[in-house]
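Each chain, written out:
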Amino acid sequence: MVEPAQLESTILEFRHKSFSFEGRLEVHDQPWVVFARSETESESKFRPRVVRLRVLVPVAWVHADPAGELLLLGREGAPGLSPPSGPALEVAAEPDEFEEQGIDWVRWRPRPERLLYMPTELAGALRKLPEVERLGTTV
């Protein structure tokens, strides 16, 4: 598990994009962390929208890489895996379900300009929680 100071000062590389720490959340008495980024939906559109992306993950699954330059993801008790290399995709080109850093993920789009990534195995229960729903609908 990563130290609280590292959460705030180190970026998470996820889907070939950099996410910064946004805050903590208690879910069923377990600490979770939220990482966020904003990006333009699609440069090819006449009026592209700004899209807010968030990653919701248990704090126990966040690890610092050995050099301390990135945050990595790995299940509790497992070391963080290096993110895959490759180009980042536009939001519209990403699949809704994928595997990253040894974890299955689902992308939930509660509003067109809001996306929330969460572990697939926990997504059904998470979507029903008011505090998680607010993450998908607020700025």
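**Structural notes on the environment of Gly23**
Okay, step 1: Topologically, Gly23 is positioned in strand β2 (residues 17-27).
Okay, step 2: A relative accessible area of 16% means that Gly23 is categorised as buried.
Okay, step 3: Those residues in contact with Gly23 that sit more than four places away from it in its chain are Trp32, Val33 and Val34.

**Structural notes on the nonpolar core**
Okay, step 1: Phe14, Phe35, Val62 and Trp105 are the most contacted members of the largest nonpolar core, which totals 23 residues.
Okay, step 2: Among the secondary structure elements, those contributing two or more residues to this core are β1 (11-14), β3 (30-40), β4 (50-58), β6 (70-73), β8 (103-111) and β9 (114-119).
Okay, step 3: A per-element tally of this core places β4 first, with four residues.
Okay, step 4: In contact with Phe35, other than residues within four places in its own chain, are Leu7, Leu12, Phe19, Ser20, Phe21, Glu22, Leu53, Arg54, Val55, Val57, Val62 and Leu71.

**Focus: the packing of aromatic side chains**
Okay, step 1: On inspection of all chains with the given rule, the structure shows seven aromatic pairs.
Okay, step 2: A centroid spacing of 5.9 Å and a plane angle of 80° characterise the contact between Phe14 and Phe19, whose relative ring orientation is edge-to-face. For the pair shown, Phe14 and Phe19 are each scored as buried.
Okay, step 3: Relative to Tyr117, the ring of Phe98 has its centre 5.9 Å away and its plane inclined at 75°; by these criteria the two rings are edge-to-face. Taken together, the residues Phe98 in strand β7 (residues 97-100) and Tyr117 in strand β9 connect sequence positions 19 residues apart.
Okay, step 4: A relative accessible area of 9% places Phe98 in the buried class.
Okay, step 5: Stacked on the ring of Phe98, the Lys or Arg Arg15 has its end atom at 3.8 Å from the ring centre.

**So, the sheet that holds strand β5 (residues 62-64)**
Okay, step 1: Reading across the sheet, the nine strands line up as β5-β6-β1-β2-β3-β4-β9-β8-β7 and stay open at both edges, with mixed pairing between neighbours. Bordering the open sheet on either side are β5 and β7, each of which pairs with just one other strand. When the angles between neighbouring strand axes are averaged without regard to direction, this sheet yields 40°.
Okay, step 2: Pairing of β1 with β6 involves two bridges; the strand directions are parallel. If you follow Ile11 over to β6, its bridge partner there is Leu70.

**Observations concerning the confidence of the model for the protein**
Okay, step 1: Averaged over every residue, the pLDDT of the protein is 83; the share at 70 or more is 89%.
Okay, step 2: Per-element confidence in the protein ranges from a low mean pLDDT of 73 for helix α3 (residues 130-137) to a high of 92 for β1.

What counts, and at which threshold
- Residue indices follow the written sequence of each chain, beginning from 1 at its first position.
- In keeping with the predicted nature of the model, local features appear solely for residues at pLDDT of at least 70, side-chain atom pairs appear and are counted solely at 80 or more, and the whole-chain, interface and lining totals rest on all residues.
- Side-chain calculation: all heavy atoms of the structure are included, whereas hydrogens and water are not.
- Elements are defined by DSSP. Helices are runs of H or I of four residues or more, strands are runs of E of two residues or more, and each kind is numbered from the N terminus.
- A simple rule labels every residue: compare its accessible area, found with a 1.4 Å probe on the protein chains alone, to the largest value its type can have, and call it buried under 20%, exposed over 50%, or partly exposed in between.
- The contact criterion used throughout is that any non-hydrogen atoms of two residues lie within 4.5 Å.
- Among the buried residues, those of types Ala, Val, Leu, Ile, Met, Phe, Trp, Tyr and Cys that are joined through side-chain atoms within 4.5 Å form a nonpolar core.
- Centres within 6.5 Å are what make two rings of Phe, Tyr or Trp a pair, Trp counting through its six-membered ring; a difference in plane orientation under 30 degrees is then read as stacked, over 60 as edge-to-face, and the rest as tilted.
- Over a ring means this: the NZ of a Lys or the CZ of an Arg is within 6 Å of the ring centre and within 35 degrees of the ring normal.
- Whether two strands pair depends on DSSP finding at least two bridges between them.
- Fitting a line to C-alpha atoms yields each axis, with helices limited to the stretch in contact; the angle taken between N-to-C directions then spans 0 to 180 degrees.
- For every residue, the predictor assigns a confidence score, pLDDT, that lies between 0 and 100.

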